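Here are the chains, one letter per residue:
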Amino acid sequence: MKNRDNSASGPDKKLSLEKTARKAGALVFGVADPDQFTAAPVGRRPRDLLPGAKSVIVIGGAKPRAGDWASPKFEHMELSSTNDRITAIAMKLSHTIEREFGYYAVTTPPGVDEGQQPFLSMSLAAELAGCGTRSLAGTILSPDHGFVYLAVVITTLPLPFDKPLDKPVCPAKPCIDMYEETGRTPCTAVCDASSGGCLSGKIENGQWQDRYYDAARCTARVYNHWIPSFQKILADSLDEPDKETRRMKVNSGLFTRTLWSMTYANISQGQCFECIRVCPVDAETRKLGK
Ligand code: SF4
Ligand code: SF4
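Quantities reported herein were computed from a predicted structural model and do not represent experimental measurements. (Residues numbered from 1 in each chain as written. Chains lettered and ligands numbered in written order. Predicted model: local features only at pLDDT ≥ 70, side-chain atom pairs only at ≥ 80, totals over all residues. Heavy atoms only, no water.)

(A) How the structure looks around the overall build of the protein. On a plain count of helices and strands, the protein comes out with twelve helices and nine strands. What you see for the protein is a C-alpha radius of gyration of 21 Å, in line with the 19 Å of a compact globule of 290 residues. A buried classification covers 44% of the 290 residues belonging to the protein. Once local pairs closer than 6 in sequence are excluded, the contacts in the protein between residues at least 24 apart make up 71%. Total accessible area computed for the protein in this model is approximately 15400 Å², and 54% of it derives from carbon and sulfur atoms. Between the averaged position of the 36 positive side-chain charges in the protein and that of its 33 negative side-chain charges there is a distance of 4 Å. (Helix = DSSP H or I, 4+ residues; strand = E, 2+ residues; numbered from the N terminus. Rg over C-alpha atoms; globule rule 2.2 N^0.38 Å. Buried < 20%, exposed > 50% of the residue type's maximum accessible area, 1.4 Å probe, protein only. Contact = heavy atoms within 4.5 Å. Areas by Shrake-Rupley, 256 points an atom, 1.4 Å probe, with all protein chains shown as cover. Lys, Arg positive; Asp, Glu negative; His and termini not counted. Charge placed at Lys NZ, Arg CZ, Asp CG, Glu CD.)

(B) Fine view of the packing of helix 1 (residues 10-24) against helix 4 (residues 83-101). It is the contact of helix 1 with helix 4, at a shortest axis distance of 10 Å, that shows an interaxial angle of 145°. Handedness of the crossing formed by helix 1 with helix 4: right-handed. Each of Lys13, Ser16, Leu17, Thr20, Ala21 and Ala24 in helix 1 lies in contact with helix 4, whose residues at this interface are Ile89, Lys92, Leu93, Thr96, Ile97 and Phe101. The class makeup of the residues in the contact of helix 1 with helix 4 is seven nonpolar, three polar and two charged. (Axes fitted to C-alpha atoms, helices over the stretch in contact; angles between N-to-C directions. Left-handed = near helix turned anticlockwise from the far one by under 90°. Nonpolar A, V, L, I, M, F, W, Y, C, P; charged D, E, K, R; others polar.)

(C) A look at the environment of Pro168. For Pro168, the position within the fold is in the loop between strand 7 (149-155) and helix 6 (173-182). When its relative accessible area of 32% is taken as the criterion, Pro168 is described as partly exposed. Separated by 42 residues in the primary sequence, Pro168 and Asp210 place their C-alpha atoms 15 Å from one another. Beyond its immediate sequence surroundings of up to four residues, Pro168 is in contact with Thr133 and Gln207.

(D) Structural view of the domain arrangement of the protein. We note that the domain assignment places domain 1 (10-155), domain 2 (173-217 + 269-283) and domain 3 (224-264) within the protein. Here domain 2 and domain 3 have C-alpha centroids that lie 33 Å from each other. (Domains from an automatic or database assignment.)

(E) Region of the structure containing the sheet that holds strand 2 (residues 55-61). The four strands are arranged 1-2-7-3 in an open sheet whose pairing can be described as antiparallel. The outermost strands of the open sheet, each flanked by one partner alone, are strand 1 (26-32) and strand 3 (105-107). Neighbouring strand axes in the sheet, compared pairwise and without regard to direction, differ in orientation by 20° on average. Here strand 1 pairs with strand 2 via six bridges, running antiparallel. Across the sheet, the residue bridging to Phe29 is Ile59, located in strand 2. On the sheet, helix 1 packs against strand 1 and strand 2 and is oriented at approximately 150° with respect to strand 1. Each of strand 1, strand 2, strand 3 and strand 7 is contacted by helix 4, which is oriented at about 20° to strand 7, the strand it contacts most. (Pairing = 2+ DSSP bridges.)

(F) Region of the structure containing the site of ligand 2. Around ligand 2, the structure places Ser135, Cys170, Ala172, Cys175, Thr185, Cys187, Trp208, Cys279, Pro280 and Val281. When the residues that make up the shell around ligand 2 are grouped by side-chain class, the tally is eight nonpolar, two polar and no charged. (Near = heavy atom within 4 Å.)

(G) Just the nonpolar core, in detail. Of all hydrophobic cores here, the largest spans 44 residues; its most connected members are Leu17, Ile57, Ile59 and Ile97. Looking at this core, the elements with two or more residues in it are helix 1, strand 1, strand 2, helix 4, strand 7, helix 6, strand 8 (199-204) and helix 12 (274-277). Broken down by element, this core gets its largest block of residues, six residues, from helix 4. Both domains that furnish three or more residues to this core are identified here as domain 1 (10-155) and domain 2 (173-217 + 269-283). Among all residues touching Leu17, those that are not within four sequence positions of it are Phe29, Ile57, Leu93, Thr96, Ile97, Phe101, Leu157 and Leu159. Residues Ala53, Val56, Leu120 and Leu128 belong to the second largest nonpolar core, which totals 21 residues. (Core = buried A, V, L, I, M, F, W, Y, C linked by side-chain atoms within 4.5 Å.)

(H) Summary view of the side chain of Thr107. Here Thr107 is to be found in strand 3. At 2.7 Å, the side chain of Thr107 forms a polar contact with the side chain of Ser94. (Polar contact = N/O pair within 3.5 Å; in protein donor to acceptor, adjacent residues only side chain to side chain.)

(I) Examining the packing of aromatic side chains more closely. The final tally for this structure, using the stated rule, is four aromatic pairs. When the ring of Phe147 is compared with that of Phe273, the centres are 5.3 Å apart and the planes differ by 80°; the resulting orientation is edge-to-face. You can see Phe147 sitting in strand 6 (residues 146-147) and its partner Phe273 sitting in the loop between helix 11 (253-264) and helix 12, a full 126 residues away along the chain. Residues Phe147 and Phe273 agree in their burial class; the two are buried. Between the aromatic rings of Phe230 and Phe255, the centroid separation amounts to 5.7 Å while the plane-to-plane angle is 10°, which identifies the pairing as stacked. With Phe230 in helix 9 (residues 226-239) and Phe255 in helix 11, this pair connects stretches of sequence that are 25 residues apart. Judged by relative accessible area, which is 7%, Phe255 ranks as buried. Three or more aromatic residues link up through ring pairs in this structure, and these residues are Trp69, Phe147, Tyr149 and Phe273. (Phe/Tyr/Trp six-rings, centres within 6.5 Å; stacked < 30°, edge-to-face > 60°.)

Next comes the structure, spelled out in structure tokens:
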């Protein structure tokens, strides 16, 4: 592809892309080095999606609003994912890179590839780009904004890289204090692995030393709607010999909510949010004056 703009340097182009992303609503922005994705399996690295990739841009934002966190009806978040907003900003960056700078750019699809595997681990990309670190349950926490949805653009445009953060965001100071008093953190208290939940761990010297996250149990809890639920109910309904029962299943509240979640959220919530709801990292941004 022809390079249409040789005037701006790498740092200038990075600044211009960051400005575009932030103006569109991104809260975090960083660039990772494609050579650093050695922890990702072969086939799921940046150059597997875009040969010749020189930079991996990570943006984050579109998090639930303060009102969403204040709502006791947590189910509403399953039907109103805001993830698509951050993906739209990534699309805008890809467009700018190709049209203004003349380099190839691919917005990493937010869905999954074969084997239910992501095309590229956005969490790994976010860590390498210094946008945050993993929480106990695996979601990325930005030090300033806590939980954010992520989107990634892989491009042949060379940009200056950012570095991973020096200090993990999780466990936060209030969590360390709570652990010292009670042996639990806010998230392990709401989803305790020893009593049917998914999380546990030991904190030593202010860091998780022995962390545990039951991903299978968490997934089973989270995916009560959306595509996996649709597949289950569809198979069940097709196997149902009684016409009236079949009709009942297809018109059930569960199936209806499943269809709503699929059509109104571009991707399933990766979390039931209960561990994130109590996370103190961005507690201040979830409170309004009145
Ligand atoms: S997302 Fe829900 S089920 Fe999964 S670890 Fe957090 S609180 Fe537990
Ligand atoms: S509440 Fe948040 S910061 Fe604290 S341990 Fe859990 S995920 Fe980490």
